[in-house]
Amino acid sequence: MKVLIVGSGGREHAIAWKVAQSPKVDKIYCAPGNAGIEEYAECVAIGAMEFDRLAAFAKEKGIDLTVIGMDDPLVGGIVDVFEAQGLRVFGPRKNAASLEGSKAFSKDLMKKYGIPTAAYESFTDADAALAYLESAKLPIVLKADGLALGKGVLICNTLEEAKDGVKEIMLDKKFGSAGNCMVIEEFMTGREVSVLSYVDGKTIKPMTSAQDHKRAGDGDTGLNTGGMGTFSPSPFYTEEVDEFCRKYIYQPTVDAMAAEGRPFHGIIFFGLMLTEDGPKVLEYNARFGDPEAQVVLPRMKTDIIDVFEACIDGTLDQVDLEFEDNAAVCVVLASDGYPVHYEKGLKIDGLDAFQGKDGYYVFHAGTAKRGEGIVTNGGRVLGVTATGADLKTARANAYEAVQWVSFANKYYRNDIGRAIDEA
Ligand code: AMP
Ligand code: GLY
């Protein structure tokens, strides 16, 4: 079969790598892709938001299955456009992608169906939000309603900061129309865990757990980023936590979406906080995480095409979803200065070192071809993943492999997986 993958980051590279393992797949295309994805896929210069061009391409090439990696096209309704033209596509429709696309929607859903999450209020009026803050407990969390590249969340320690935050989001529109509505919620403390899961409208199969490191600097300092590294599994995600989440969070979320007439087919990514009062939902995403996919997919044993097809057809209950009993760590190699200012176009050396090395992967995020070589082309450049029998071995392997690659402004965190030592 022929598969089209939509997206261009490290996540899509990991998806392409995994899809390429399936004996059912003869040909992979990726739009727009990147220099690393080219190893498995023919990259085509169509943007992820060009729905009509993508659908026309899928028809012309006789694509059997399209997989959407990114949030923007999902929230924008790419799946509806493909389905309307009779094309098979993996991902939630627009009305289900709201789970990620609107924080107010997802919070209201959790409240209505009793799914544990932080207490909150939503606002469409800045004055009402400012008035609410006067009596709110600090610290407090402000969230722009819509997609804001993971940057629409402000944690405020003082009333002044919170008031400034409301003004930035709702009046100055720092995150654009994402700030037409906002959620103000209780600050929670605890361990964060990500659980990605496959969903077919009614059945949910959670994957192995993972944890991301969102801040740019060691010790969780500096600005928020798309993610500087991940490890899987999380040692804090015990069987007891898993049992609780399946019963009170995962299945209730899927059932709630179905009851609302928004059956969810695709990936639900649960961002969880393990609080003293039990696990609570921080956020939902409607896609694989980046760089969570880079540690979860290398551990997945099951043919991903079978899982994608089952999610579309509503037959996930018949799939035996299996993961290796090992661990994986991904260290993101970024351009120094990310996520603010950084140089691009710098030559990358050492990528060949990964060839033929089992259990070591280099997933490209922001790279481009230049002549015979490959250059940096983004803030997050590469994700170096290694597996190992346990988390400590995987981490040692990943940091060893980090040294194989060089480029002029290479920057990475030295403490990915530091929570492993606290477990
Ligand atoms: P989100 O995009 O909703 O995942 O938020 C980004 C990050 O902000 C999360 O990964 C948490 O670290 C933090 N965060 C979001 N909501 C809360 C909350 N209610 N309490 C504490 N931290 C939060
Ligand atoms: N790594 C966080 C995300 O993909 O949203």
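Before reading on, note that the structure itself is shown above.
Everything in this summary refers to the structure shown in the same document.

Cut-off values and rules
Residues numbered from 1 in each chain as written. Chains lettered and ligands numbered in written order. Predicted model: local features only at pLDDT ≥ 70, side-chain atom pairs only at ≥ 80, totals over all residues. Heavy atoms only, no water. Helix = DSSP H or I, 4+ residues; strand = E, 2+ residues; numbered from the N terminus. Rg over C-alpha atoms; globule rule 2.2 N^0.38 Å. Buried < 20%, exposed > 50% of the residue type's maximum accessible area, 1.4 Å probe, protein only. Contact = heavy atoms within 4.5 Å. Areas by Shrake-Rupley, 256 points an atom, 1.4 Å probe, with all protein chains shown as cover. Lys, Arg positive; Asp, Glu negative; His and termini not counted. Charge placed at Lys NZ, Arg CZ, Asp CG, Glu CD. 1 Å grid on protein atoms, 1.4 Å probe; cavity = no way out; pocket = protein on both sides within 12 Å on 5 of 7 lines; lining within 4 Å. Points joined across faces, edges and corners; volume = space filled by probe spheres on them. Disulfide = S-S within 2.5 Å. Near = heavy atom within 4 Å. Polar contact = N/O pair within 3.5 Å; in protein donor to acceptor, adjacent residues only side chain to side chain. Nonpolar A, V, L, I, M, F, W, Y, C, P; charged D, E, K, R; others polar. Pairing = 2+ DSSP bridges. Axes fitted to C-alpha atoms, helices over the stretch in contact; angles between N-to-C directions.

What to know about the overall build of the protein chain
At step 1: Helix and strand content of the protein chain: 12 helices and 22 strands.
At step 2: Compactness check: the protein chain gives a C-alpha radius of gyration of 21 Å against a globular reference of 22 Å for 423 residues, within 12% of the reference.
At step 3: Considered along the principal axes of its C-alpha atoms, the protein chain spans approximately 60 × 45 × 45 Å.
At step 4: The buried share of the protein chain, reckoned over its 423 residues, is 58%.
At step 5: Within the protein chain, counting contacts between residues at least 6 apart in sequence, those at least 24 apart form 68% of the total.
At step 6: With the model as given, the accessible surface of the protein chain reaches about 17,100 Å², and the carbon-plus-sulfur share is 47%.
At step 7: Within the protein chain, one finds 45 positive and 63 negative side-chain charges whose respective centroids are separated by 2 Å.

Points about empty space enclosed by the protein
At step 1: Enumeration according to the criterion identifies four cavities of 30 Å³ or more in this entry.
At step 2: By volume, the largest cavity amounts to about 50 Å³.
At step 3: Together, Gly10, Asp290, Pro291, Gln294, Val332, Phe363, Ala365, Arg380, Leu382 and Gly383 line the largest cavity.
At step 4: It is strand 21 (residues 380-388) that provides the largest number of residues to the lining of the largest cavity, a total of three residues.

So, the state of the cysteines
At step 1: Under the definition given, this model contains zero disulfides.
At step 2: The closest cysteine sulfur to the non-disulfide-bonded cysteine 43 is located on cysteine 30, 5.2 Å from its own sulfur.
At step 3: Overall, cysteine 43 belongs to the partly exposed group, its relative accessible area being 22%.
At step 4: Looking at the unpaired cysteine 181, the closest cysteine sulfur is the one in cysteine 156, lying at 17 Å.

Quick notes on the site of ligand 1
At step 1: In the vicinity of ligand 1 lie 14 residues, with Glu185, Glu186, Met188, Glu192 and Glu283 positioned nearest.
At step 2: Here a nitrogen atom of ligand 1 sits 2.9 Å away from a polar atom, N or O, in the main chain of glutamate 186.
At step 3: Here glutamate 192 contributes a side-chain N or O atom positioned 2.3 Å from an oxygen atom of ligand 1.
At step 4: Taken by itself ligand 1 offers 470 Å² of open surface, and the protein chains cover 91% of this.
At step 5: Broken down by secondary-structure element, the contributors of at least two residues to the shell around ligand 1 are strand 7 (140-144), strand 8 (153-156), strand 9 (182-186) and strand 16 (278-285).
At step 6: Grouping the amino acids of the shell around ligand 1 by side-chain chemistry returns seven nonpolar, no polar and seven charged.

Topic: the site of ligand 2
At step 1: Close contacts around ligand 2 come from Asp212, Gly226, Phe269, Asn285, Arg287, Gly289, Asp290, Pro291 and Glu292, and that covers them all.
At step 2: With respect to ligand 2, the side chain of aspartate 212 contributes an N or O atom lying 2.8 Å from a nitrogen atom.
At step 3: Taking aspartate 290, its main chain carries an N or O atom lying 2.9 Å from an oxygen atom of ligand 2.
At step 4: Notes on ligand 2: free accessible area 200 Å², of which the protein chains cover 90%.
At step 5: Grouping the constituent residues of the shell around ligand 2 by class yields two nonpolar, three polar and four charged.

Remarks on the pairing of strand 9
At step 1: Taking burial as the measure, the five residues of strand 9 include four buried ones, the bulk of the element.
At step 2: With four bridges joining them, strand 6 (residues 120-123) and strand 9 adopt antiparallel strand pairing. Residue pairing in the sheet places tyrosine 120 in a bridge with glutamate 185 of strand 9.
At step 3: Two strands pair when backbone bridges link them, and strand 7 and strand 9 are joined in this way by five bridges, in the antiparallel orientation.

Notes on the layout of surface pockets
At step 1: Roughly 510 Å³ of internal volume is contained in the second largest pocket.
At step 2: In terms of lining residues, the second largest pocket is bounded by 22 residues, among which Glu39, Tyr40, Phe354, Gln355 and Val362 are the most central.
At step 3: When residues of the lining of the second largest pocket are traced back to their parent elements, those giving at least two are helix 1 (10-20) and strand 18 (360-364).
At step 4: Its residues assigned to classes, the lining of the second largest pocket comprises 10 nonpolar, six polar and six charged.

Focus on the side chain of threonine 203
At step 1: With respect to the secondary-structure elements, threonine 203 resides in the loop between strand 10 (191-200) and strand 11 (204-212).
At step 2: A relative accessible area of 18% means that threonine 203 is categorised as buried.
At step 3: Those residues in contact with threonine 203 that sit more than four places away from it in its chain are Tyr198, Leu316 and Asp317.

Thoughts on the sheet that holds strand 9
At step 1: Strands sit in the order 6-9-7-8 across an open sheet of four strands; the sheet is antiparallel. Of all strands in the sheet, those with a lone pairing partner are strand 6 and strand 8, marking the two edges. With strand direction ignored, the average angle separating the axes of adjacent strands in the sheet is 20°.
At step 2: The strands touched by helix 8 (residues 159-171) within the sheet are strand 6, strand 7, strand 8 and strand 9, with strand 7 carrying the most contacts at an inclination of about 5°.

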